[in-house]
Amino acid sequence: MTRWVRSVAAGVVLAIFCAGALTRAQQSAPDFILTNGKIITVDEKFTIAQAVAIKGERVIAVGTSQQIGQMAGPATRRIDLRGRAVVPGLIDNHMHLLRAGTTWTREVRLDGVESRKHALDLFAARAKAIAAGDWVYTIGGWSVDQFGDSRSKFTREELDRIVPNHPVAIQESYYRTYLNSRGLEAFGIRDGAADPPDFPKGSIVRDGSGRATGIVEGGMGAVRAIAAKMPRVPDSELEASTLAMIRDMNRAGLTAFGVAGCDPSLVAMYRKWEAQHQLNVRIFCIDGVGAGTPEQVDRALPRIAEMKLFQGDDYVDSVLYGESVYGPLHDPMFDSTSDPKPEQLAQWRRLAMEIAKNRLPLHVHAELTHTIDAFLDQIEAVNKVYPVKNLRWMLAHFNQSNASQIERMKRLGMYAAVHPWNVINGGIMHEIFGDDAYEQPPLATIQNSGIVWGFGSDGSAANQYMPFITLNYAVTGKMTSGLKVMRQTISREDALIAYTRRNAFFVFQEDNLGAIQPGKLADLVVLDRDYLTIPADQIKDIKPVLTMVGGRIVYDTSAVNSTK
Ligand SMILES: [Zn+2]
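Residues numbered from 1 in each chain as written. Predicted model: local features only at pLDDT ≥ 70, side-chain atom pairs only at ≥ 80, totals over all residues. Heavy atoms only, no water.

A. Main features of the coordination of the zinc ion. Binding of the zinc ion to the protein goes through Glu323 (OE), His365 (ND1) and His397 (NE2), at separations of 1.8 to 2.2 Å. Binding-site remark: the zinc ion is held by donors from one chain whose sequence spacing is E-x41-H-x31-H. One end of the pair, Glu323, is in strand S16 (residues 316–323); the other, His365, is in strand S17 (residues 362–366), with 42 residues separating them in the sequence. Each member of the pair Glu323 and His365 is classed as buried. (Donors = N, O, S within 2.8 Å, 3.2 Å for Na, K, Ca; no water. Helix = DSSP H or I, 4+ residues; strand = E, 2+ residues; numbered from the N terminus. Buried < 20%, exposed > 50% of the residue type's maximum accessible area, 1.4 Å probe, protein only.)

B. Examining the pattern of salt bridges more closely. Tallied over the entire structure, the rule returns 35 salt bridges. Among the salt bridges present, the one from Arg156 reaches Asp191, with a minimum N-O distance of 3.2 Å. Taken together, the positions of Arg156 in helix H6 (residues 156–162) and Asp191 in the loop between helix H7 (181–186) and strand S12 (204–206) put the pair 35 residues apart, joining distant regions of the chain. On the accessibility criterion, Asp191 (39% relative accessible area) is partly exposed. (Salt bridge = Lys/Arg side-chain N within 4 Å of Asp/Glu carboxyl O.)

C. Molecular detail of the packing of aromatic side chains. For the structure on display, the rule yields 19 aromatic pairs. For the ring pair Tyr270 and Trp273, a centre distance of 5.6 Å and an interplane angle of 70 degrees mean the geometry is edge-to-face. You can see Tyr270 and its partner Trp273 sitting in helix H10 (residues 264–275), three residues apart, about one turn around the helix. For the pair Tyr270 and Trp273, a shared accessibility class is recorded, and that class is buried. Clustering of aromatic rings is evident, with ring pairs tying together Phe123, Trp142, Phe147, Phe154 and Tyr178. Over the aromatic face of Phe508 sits the side chain of Arg392, whose NZ or CZ is 4.1 Å from the ring centroid. (Phe/Tyr/Trp six-rings, centres within 6.5 Å; stacked < 30°, edge-to-face > 60°. Lys NZ or Arg CZ within 6 Å of the ring centre and 35° of its normal.)

D. The state of the cysteines, seen in detail. Enumeration according to the criterion identifies one disulfide in this entry. Two residues, Cys262 and Cys285, share a disulfide whose sulfurs are 2.0 Å apart. Looking along the S-S bond of the Cys262-Cys285 disulfide, the torsion reads about -80 degrees, which is the left-handed sense. One end of the pair, Cys262, is in the loop between strand S14 (254–260) and H10; the other, Cys285, is in strand S15 (residues 282–286), with 23 residues separating them in the sequence. (Disulfide = S-S within 2.5 Å.)

E. Summary view of the sheet that holds strand S11 (residues 176–179). With mixed pairing, five strands are arranged side by side in an open sheet as S9-S10-S11-S13-S12. Each end of this open sheet is capped by a strand with a single partner; those strands are strand S9 (136–139) and S12. In this sheet, neighbouring strand axes are inclined to one another by 25 degrees on average, regardless of whether the strands run parallel or antiparallel. Two strands pair when backbone bridges link them, and strand S10 (residues 168–172) and S11 are joined in this way by four bridges, in the antiparallel orientation. Bridging from a neighbouring strand, Gln171 pairs with Thr177 of S11. (Pairing = 2+ DSSP bridges. Axes fitted to C-alpha atoms, helices over the stretch in contact; angles between N-to-C directions.)

F. Local environment of the pairing of S10. For S10, a buried count of five out of five residues is recorded, marking the element as mostly surrounded by other parts of the structure. Side chains of S10 alternate between two faces, with Val168, Ile170 and Glu172 and Ala169 and Gln171 buried alike. As for the winding sense of the linkage, the β-α-β connection from S9 through H6 to S10 is right-handed. What sits between the antiparallel neighbours S10 and S11 is a turn of three residues, in which Ser173 has the positive phi angle 45 degrees. (Right-handed = clockwise from strand over helix to strand, strands pointing away.)

So, in structure tokens, the structure goes:
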């Protein structure tokens, strides 16, 4: 549907409602009614309702079960929620979604896996399912500290025992990789011999006798050298892999994403599904013009001036510049500190000036405290020439932020896209930053400051993607293992708002998404238990039982979908 037709349709729906009378709406009966539930609307008043009516792709009414029940016509499909809670479709403001689809079905994903035993079972099952010699691998999204039964590192012997006949490479976040004997062999890593040259010095961990332990340290450099060698799905399986990933997203309650890095050839696939009315997530791209040297900045400036955002619709669009502005100032994950140089910042400012001049929204990776300060210095200078207020400029990740930086951002009219890496990296970050990691991110400080902020995962390698695990963390400060890694907890309500209504604003869809309200698109999730009242430590265990995108059921478990 074109943008024009969509907005006319929305206008018609709104007109019906503004007329106010349920009898009028009845003439145009809803396609769906969901009744006898607890509708957590996440509207501005955080209204709780019992029922919702949907026509076409939009919500047309929210109210009591009786009010909504009266709207049903003969063709209306009824869903009896039997007391279940419903929330708006969850929105992740920063996920490397398109990239993840190129390996999804080949990886053994460990997002949300709470025990080491379960993880080992998954490796064994994968080995059984693939041809001898094929890789058993995963590219991040987990760490051993999420396991409740044992948080010790995987050993070469353990992986050999579970998977003797396939090479294994299990990447832990962007921090280290575990290889079995066949994996070591495949990378030319031999006991008692020199390390292969493509690994950073000292990254291959050996015991006293020179035997490789299977552990490869060395942070992103070493991790990426291994990940680059892992097989992508062949072109013939790309669609199936991406669809399987989208289904996993819907199963987790996700319906829309800010997507960092949108390869045009992959976007074309999503557009094709949209044209067929089969696209089950909405993608809002964060894309930029890469520049890593002054000469590249020279070439990037005219390209920025030519950038055209907002050419798409409410399923697929490009809405933000990012996530990198100037390559040398992109904080690598797990560096302990940064030291941005004046000449680098001068290049960053040239690019930011051009982005502001062209009134482009900006979503920029800014993690370490010195980097955040230095970027804010540049943005304050840019702001004197081209005011950034109302451009929706936001700093992303933002784990090492502090109150004074937040105040500077508020004065500039900026926002925070918060991606708490501690959700899976809590153990690692405590190793690197000590007790400071308890304040990374300073969630309560951010919330109490009044700055507009939203949640993202930065999945699928740097973090896991499941929103209820992030919400559990935000409310309890704990990883899935129960390990307390963050002190600045916030309320369930504030955490949910940051995953829905705020993120709708962050992807320029505040008129369409982020709350269950008449006129908005019917993206919603029925939950197996009530997010607002279950013990906080069980938030991570919440399972969506039905997910709807634009009034279409995209995921359901048969128990709830008692339609007639
Ligand atoms: Zn980033």
